[in-house]
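Coordinates in review
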Amino acid sequence: LDVLEGQAQRWLREARGSTHASPTYEPGPAPQQDVNAPHRAQPAPRRERELMKLLLHHPDLLPFWDARGGPETLTHPGVARVLDFASQLFVREGSLEGLELMQALGESGLSAARRVVGEILSAEDIYGDRAERAFVDLADALRAQVVKRQRASERARLAGKPVAEQLAELRARSGTK
């Protein structure tokens, strides 16, 4: 990095026609991270948060979520864990009690998830009798995002190849010569 920074400064001086050295930035020591400090995860994507709210208020939809392969569409590990715990409790007990879920999360060291679940369950259910329709819409939107991520990944993979290989692969897929 120092070599690149020095080269960039030389190029700038040459471009300006100047030969005097400009002051260089000297980075200080890297800040020490407290390994005991709690890790702050990134907020969950909006649709995943909405799905979690919906499924916690309407746990009777959890088996449909699991059966449709929904867990594979989640990108946020916290949401995935909460819904996994909720699904397991629902299957085992035949219902989902918020206090049991919060206790299971707390015992597993997921205190932040426990707090979020408490906030969700203490809030009003915004879906009411529209829960099934909202569930289908959210599940479809999350599946569409998976397809979009897969396509972007495939485009990035192809972009790393020479153009001739890209064309050959695309032709092979489409069946044209």
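Here the structure is shown first, and the text comes after it.
Position labels on residues start from 1 in each chain and follow its written sequence. Side-chain atom pairs in this predicted model are given and counted only at pLDDT of 80 or more, local residue features only at pLDDT of at least 70, and totals for whole chains, interfaces and linings cover all residues. Side-chain descriptors were evaluated using all non-hydrogen atoms of the structure, hydrogens and water having been removed beforehand.

With respect to the pattern of salt bridges
It is possible for side chains bearing opposite charge to pair when their charged atoms get close. Salt bridges are counted wherever a side-chain nitrogen of Lys or Arg sits within 4 Å of a carboxyl oxygen of Asp or Glu. All told, the structure shown has nine salt bridges when counted by the stated rule. We note a salt bridge from Glu 50 to Lys 53, for which the minimum N-O separation is 3.5 Å. Linking Glu 50 with Lys 53, this pair stays in helix H2 (residues 46-57), spanning three residues, or about one helical turn. Exposure categories follow from relative accessible area, calculated using a 1.4 Å probe and restricted to protein chains: below 20% of the type maximum is buried, above 50% is exposed, and the middle band is partly exposed. When its relative accessible area of 16% is taken as the criterion, Glu 50 is described as buried. When its relative accessible area of 31% is taken as the criterion, Lys 53 is described as partly exposed. Note that Arg 157 and Glu 154 form a salt bridge whose closest N and O atoms lie 2.5 Å from each other. With a gap of three residues between them, Arg 157 and Glu 154 both fall in helix H7 (residues 131-159), about one helical turn apart. A relative accessible area of 35% places Arg 157 in the partly exposed class. Segments assigned H or I by DSSP are reported as helices when at least four residues long, segments assigned E as strands when at least two residues long, and all are numbered from the N terminus.

Notes on helix H5 (residues 98-107)
Every buried residue of H5 is accounted for by Leu 101, Met 102, Ala 104 and Leu 105. Taken around the axis of H5, the buried residues stretch over an arc of 160°, which confines them to a single face. H5 presents Leu 99 and Glu 107 as exposed residues on the side facing more than 90 degrees away from its buried surface. Buried residues in H5 make contact with H2, helix H4 (77-93) and helix H6 (111-122). One or two positions beyond H5, positive phi appears at Gly 109, with a value near 80°. Arc definition: it is the arc formed by the directions from the helix axis to the C-beta atoms. Any pair of residues with heavy atoms lying within 4.5 Å of one another is described as a contacting pair.

Some points on a positive patch on the surface
Patches in this entry comprise residues that are over 30% relatively accessible and not in a salt bridge; like charges within 9 Å are linked, as are nonpolar side chains (Val, Leu, Ile, Met, Phe, Trp, Tyr) within 5 Å. The accessible surface values rely on the Shrake-Rupley method and a 1.4 Å probe; as for residues, cover is taken only from the protein chains in view. All tallies of charge rest on Lys and Arg as positive and Asp and Glu as negative; His and the ends of each chain are not included. Working definition for charges: the position is that of NZ of Lys, CZ of Arg, CG of Asp or CD of Glu. A contiguous patch of positive charge on the surface is contributed by Arg 46, Arg 47, Arg 49, Lys 148, Arg 151 and Arg 155. At the level of elements, H2 and H7 are the ones that each hand at least two residues to the positive patch. Mapped onto the elements of the fold, Arg 47 is located in helix H2.

Brief notes about the nonpolar core
Remark: nonpolar core denotes a set of buried residues (Ala, Val, Leu, Ile, Met, Phe, Trp, Tyr, Cys) joined through side-chain atoms within 4.5 Å. Judged by nonpolar contacts, the single largest core of 33 residues is most densely connected at Leu 51, Leu 56, Trp 65, Leu 83 and Leu 101. Of all the secondary structure elements, the ones that give two or more residues to this core are H2, helix H3 (62-67), H4, H5, H6 and H7. No other element matches H4, which puts seven residues into this core. When residues no more than four places from it in sequence are discounted, the contact partners of Leu 51 are Trp 65, Leu 74, Leu 83, Phe 135, Leu 138 and Leu 142.

A look at the side chain of His 76
Following the sequence through the fold, His 76 ends up in the loop between H3 and H4. Relative accessible area serves as the criterion here: at 14%, His 76 is assigned to the buried category. Here a polar contact means two N or O atoms within 3.5 Å. Within protein one must be a hydrogen donor candidate and the other an acceptor candidate, and residues neighboring in sequence count only if both atoms are side-chain atoms. Within the structure, the side chain of His 76 is placed 3.1 Å from the backbone nitrogen of Gly 78, a separation counted as a polar contact.

Some remarks on the packing of H7 against helix H8 (residues 163-174)
Only the stretch in contact is used when fitting a helix axis, every axis being a line fitted to C-alpha atoms; angles between N-to-C directions are given from 0 to 180 degrees. Packing of H7 against H8 brings their axes to within 9 Å, and their N-to-C directions diverge by 135°. In this view, H7 runs oblique relative to H8, as classed from their interaxial angle. Residues Glu 154, Arg 157, Leu 158 and Ala 159 of H7 form the contact with H8, whose participating residues are Gln 166, Glu 169, Leu 170 and Arg 173. Partitioning the contact of H7 with H8 into residue classes produces three nonpolar, one polar and four charged. The labels follow the angle: roughly parallel below 35 degrees, roughly antiparallel above 145, roughly perpendicular from 65 to 115, and oblique for the rest. Any residue outside Ala, Val, Leu, Ile, Met, Phe, Trp, Tyr, Cys, Pro, Asp, Glu, Lys and Arg is labelled polar, Gly included; the first ten of those are nonpolar and the last four are charged.

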